[in-house]
Amino acid sequence: MPIVSEEYKEKKKRALLQAARRVFIRKGYSLATMQDIIEEAKVSRGALYAYFTSIEHVYVELLRAEDQQDLQFFEQTKTNSSWEQLLQWIDEQRMKLSSREGTLVRANSEFFLAVQDTAGSASSSYILQRYERIIAVLTAFIEAGRSTGEFYPILPTDTIAHSFLSFMDGILLNSSQHGANTIKAQEQVEALIAAMKALLCPVTA
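A quick note: this is a predicted structure, and the numbers were derived from the prediction, not measured.

Looking at the pattern of salt bridges
Tallying each qualifying case throughout the model produces 13 salt bridges. Lys-9 serves as the salt-bridge partner of Glu-6, at 2.9 Å between the closest nitrogen and oxygen. Of this pair, Glu-6 and Lys-9 both sit in helix α1 (residues 6–27), 3 residues apart, which is roughly one turn of that helix. Glu-61 serves as the salt-bridge partner of Lys-13, at 3.1 Å between the closest nitrogen and oxygen. Of the two residues, Lys-13 sits in helix α1 while Glu-61 sits in helix α4 (residues 55–71), which places them 48 residues apart along the sequence. Residue class for Lys-13 comes out partly exposed when judged on its relative accessible area of 22%. Residues joined by salt bridges that share partners form a network here, namely Lys-13, Glu-61 and Arg-64.

Structure, rendered in structure tokens:
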């Protein structure tokens, strides 16, 4: 039996996740099946199940990959100020709202609601860990901005992090359910920016 390298397996897994992403964008989470991913990726059933045990497992792994990209926005850089980095991340979310058909916004909302009905499951535990990790990264990002004199927050940094994430998640969820135009999503994003500016008092704004 030929030896399969870790690099090959990782590359194969990424390819399967990209195929799954296209399926979830097209069908959402609720209607997607493992067979859909098999057909999209043009692989055998065994090839998919060698990496993932269920559609839920696929989605959790896809979330991990997507989250890692998002969290990179909050790594300290020498080229942009902390406030500019925050605005850049918000602009990324704004793009998701304006091009809903090409994003996982709908699938995410369906997945999170489905996981709520299976409290105690591995996915439910991951969603909580995911939330706590994002809050920790946001809090550390704000703290770093404060330590460099870029932010002068008027509330505890973890409170601001919780509020920021709740505000953004609410916009994305409501946009998925009712449509960006109906909920005035772009206007809400501007309100979020104004709120963060008032809470953080950035010196570069």
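Next, the rest of the story.
Digging into the UniProt feature "DNA-binding region" (unreviewed entry) in the protein
Feature annotation in UniProt places "DNA-binding region" (unreviewed entry) on residues 33–52, given in this structure's numbering. Within residues 33–52, the helical portion is 65% and the strand portion 0%, while the C-alpha atoms at the span's ends are 12 Å from each other.

About the thresholds
- Residues numbered from 1 in each chain as written.
- Predicted model: local features only at pLDDT ≥ 70, side-chain atom pairs only at ≥ 80, totals over all residues.
- Heavy atoms only, no water.
- Salt bridge = Lys/Arg side-chain N within 4 Å of Asp/Glu carboxyl O.
- Helix = DSSP H or I, 4+ residues; strand = E, 2+ residues; numbered from the N terminus.
- Buried < 20%, exposed > 50% of the residue type's maximum accessible area, 1.4 Å probe, protein only.
- UniProt positions renumbered as here; feature names shortened; annotations may be inferred.

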